[in-house]
Amino acid sequence: MERLKVLLVFGTRPEAIKMAPLAKELQGRPEFLCKICVTAQHRGMLDTVMENFGLAADYDFDIMKKGQTLCGITSRVIEKMEEVIADFRPEVVLVHGDTTTTMSAAIAAFYCGCEVGHVEAGLRTGDKCSPFPEELNRLVTGDVANIHFAPTENNVKNLARENITKQVFITGNTVIDALRYTVRPDYRFESPVLREVTADGRRLVLLTAHRRENLGEPHRAIFRAVKRLAEEYPEVNFVYPVHPNPRVSEPAHEILAGLPNVWLIDPLDTAEMHNLMDRAYLIMTDSGGLQEEGPALGKPVLVLRTETERPEAVAAGTVKISGVAEDAVYRDARELLDDAEAYREMAHAVNPYGDGEASRRIAEALLAVYRGGKAPEPFGA
Ligand code: UD1
Ligand code: UDP
């Protein structure tokens, strides 16, 4: 059998974390010739993930710029993709999720006559402008793709509403595969700060915030709520690995720096982050990935957004949409810090997003479509 030539394209931290287990799966199987192309839409945060998972890029566009714009990212990715496709001539290009790297790489592959596979397909809020620009990025990518790897049945329903019903596989989310590589009960933190905050017996609230539509006043309101919480709960540690975007880090430091129980730290590498989540009491976030990882680790998650494309864990009762208003965020966190019963109700491990076998299912689905192999069993069946 001729080896299936697959090009994985990704550029930001979350795509890298979620593509890493798939890269390892495909590169470890003799049926595939799999190369990795990074756009480096993120530079430092991407490199950390590559190092964590022992991955090497075959192609690197190195496009990141300070203050980069969506149009700038899009044009740089599309132009450079053409050269890579001409060089490697993949049978299928795999992209992940909803970033501007994802959408641009998918369009470029389509223009160059390549098949496109979409990993983490079918997530939708139904509002083209929220999250911005991710909802449009995934709509376009879904339209372009020939093969769709949907994490959940709900995602398949979303695709069906757009008449996307062919070559759709329910695989689970590869982020749960990634947790299998990183989370260890006996994990020893490299960072002295993390060793300190996880060893002192105090409860730990983990915060992340970076979403484009929350830049400005929504982030400031979230940070003010966290400041109030930190002042009222001096016995709780609040840890925030701050996104390097200056439009996030500047207000974060302005509002939260100097509080003795608030730790504003650099972005963490994947193993440190996943194990910190595993030790946290509560997670507050506007991130997509943390909404999947928190429930898998049995941690309540307050979502600092007004909507979510990940309703499965909300339905399971482990994730709550808090919004971006200072009082609402403050109240929801207080309830979980004060009310043991409310906390217990949310803190049960559920895995609506995967069972750690998504990468294997994606590999099998690719062989089913392109080499006549047997289709994988759907996740959750
Ligand atoms: C991007 C994605 C978003 C994803 C997020 C994950 C788009 C439009 N947005 O948003 O969907 O949730 O990544 O984190 O694709 N920076 C650095 N070093 C880094 C990474 C970023 O300094 O390693 C700074 C740069 O100044 C850069 C800025 O952050 O200009 C913003 O990065 P960008 O990729 O444009 O947007 P994100 O908000 O990170
Ligand atoms: N993450 C990390 N270090 C950090 C913050 C986040 O490794 O300091 C991981 C997190 O565990 C998850 C992913 O990055 O796997 C989520 O990325 P992000 O929140 O930047 O993007 P989103 O998921 O919102 O697209």
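Structure first, text after, so check above.
Analysis parameters
Residues numbered from 1 in each chain as written. Chains lettered and ligands numbered in written order. Predicted model: local features only at pLDDT ≥ 70, side-chain atom pairs only at ≥ 80, totals over all residues. Heavy atoms only, no water. Helix = DSSP H or I, 4+ residues; strand = E, 2+ residues; numbered from the N terminus. Rg over C-alpha atoms; globule rule 2.2 N^0.38 Å. Buried < 20%, exposed > 50% of the residue type's maximum accessible area, 1.4 Å probe, protein only. Near = heavy atom within 4 Å. Polar contact = N/O pair within 3.5 Å; in protein donor to acceptor, adjacent residues only side chain to side chain. Areas by Shrake-Rupley, 256 points an atom, 1.4 Å probe, with all protein chains shown as cover. Nonpolar A, V, L, I, M, F, W, Y, C, P; charged D, E, K, R; others polar. Pairing = 2+ DSSP bridges. Right-handed = clockwise from strand over helix to strand, strands pointing away. Axes fitted to C-alpha atoms, helices over the stretch in contact; angles between N-to-C directions. Contact = heavy atoms within 4.5 Å. Disulfide = S-S within 2.5 Å.

### Focus on the overall build of the chain
Okay, step 1: From N to C terminus, the chain includes 16 helices and 13 strands.
Okay, step 2: By the compact-globule yardstick of 21 Å for 381 residues, the chain fits well, its C-alpha radius of gyration being 20 Å.
Okay, step 3: Taken over the C-alpha atoms alone, the chain extends approximately 65 × 45 × 40 Å along its principal axes.
Okay, step 4: The proportion of buried residues among the 381 residues of the chain is 59%.

### As for the site of ligand 1
Okay, step 1: Inspection of the region around ligand 1 gives 25 residues, with Q41, H42, T100, E134 and H210 positioned closest.
Okay, step 2: H243 is positioned with one of its side-chain polar atoms (N or O) 2.9 Å from an oxygen atom of ligand 1.
Okay, step 3: Burial of ligand 1 by the surrounding chains reaches 93%, relative to a free accessible area of 750 Å².
Okay, step 4: Of all the elements in the fold, those that place two or more residues in the shell around ligand 1 are α2 (44-53) and α3 (70-88).
Okay, step 5: In terms of residue class, the shell around ligand 1 is built from eight nonpolar, 11 polar and six charged.

### Quick notes on the site of ligand 2
Okay, step 1: Close to ligand 2 lie 16 residues, the nearest being L268, S287, G288, G289 and E293.
Okay, step 2: Within the side chain of S287, one N or O atom sits 2.8 Å away from an oxygen atom of ligand 2.
Okay, step 3: G288 places a main-chain nitrogen or oxygen 2.8 Å from an oxygen atom of ligand 2.
Okay, step 4: Coverage of ligand 2 by the protein amounts to 94% of the 540 Å² it exposes when considered alone.
Okay, step 5: The set of elements that each furnish at least two residues to the shell around ligand 2 consists of α1 (13-27), α11 (270-279) and α12 (289-296).
Okay, step 6: A per-class count over the shell around ligand 2 returns seven nonpolar, six polar and three charged.

### A look at the pairing of strand β8 (residues 204-208)
Okay, step 1: Judged by how many residues are buried, β8 sits mostly within the fold: five of five residues are covered.
Okay, step 2: By the alternation rule, side chains of β8 split into L204, L206 and T208 and V205 and L207, which are all buried.
Okay, step 3: Note that β8 and strand β9 (residues 237-241) share three bridges and pair parallel. The residue of β9 that forms the bridge with L204 is N237.
Okay, step 4: In this view, the connection linking β8 to its parallel neighbour β9 by way of helix α9 (residues 217-232) has right-handed handedness.

### Overview of the sheet that holds strand β12 (residues 301-303)
Okay, step 1: As summarised here, the arrangement of the six strands in space is β10-β9-β8-β11-β12-β13, forming an open sheet in which the pairing is parallel. The open sheet has two edge strands with one neighbour each: β10 (262-265) and β13 (319-321). Shown here is a sheet whose adjacent strand axes are inclined to one another by a mean of 20°, direction ignored.
Okay, step 2: Across three bridges, the pairing between strand β11 (residues 282-285) and β12 is parallel. Residue T285 lies in a different strand from β12, and its bridge partner there is V303.
Okay, step 3: Packing of α12 onto the sheet brings it into contact with β8, β11, β12 and β13, and relative to β12 it is tilted by some 160°.
Okay, step 4: The strands touched by helix α14 (residues 326-338) are β8, β11, β12 and β13; relative to β11, the strand with the most contacts, the crossing angle is about 170°.

### What about the sheet that holds strand β6 (residues 147-150)?
Okay, step 1: Read across the open sheet, the seven strands follow the order β3-β2-β1-β4-β5-β6-β7; overall the sheet is parallel. One side of each edge strand has no neighbouring strand; the edge strands of this open sheet are β3 (59-60) and β7 (168-170).
Okay, step 2: Note that strand β5 (residues 115-119) and β6 share three bridges and pair parallel. Bridging across to β6, G117 finds its partner in I147.

### Some points on the state of the cysteines
Okay, step 1: For the structure shown, the criterion picks out zero disulfides.
Okay, step 2: Just so you know, C114 is unpaired, no disulfide at all, and the nearest cysteine sulfur is the one on C112, 6.4 Å from it.

### Quick word on the side chain of T99
Okay, step 1: Tracing the chain through its elements places T99 in the loop between β4 (92-96) and α4 (100-111).
Okay, step 2: Classification of T99 by relative accessible area gives buried; the value is 12%.
Okay, step 3: At 3.2 Å, the side chain of T99 and the backbone nitrogen of T101 are in polar contact.
Okay, step 4: Those residues in contact with T99, other than ones at most four positions away along the chain, are T12, E15, Q41 and N137.

### Focus on the pairing of β4
Okay, step 1: The element β4 is largely enclosed, with a buried count of five among its five residues.
Okay, step 2: Here β4 shows a buried face lined by V92, L94 and H96 and a second buried face lined by V93 and V95.
Okay, step 3: Sheet topology places strand β1 (residues 4-10) next to β4; three bridges connect them, and they run parallel. For L7, the partnering residue across the bridge sits in β4 and is V93.

Don't take any of this as a statement about function, it's just geometry.
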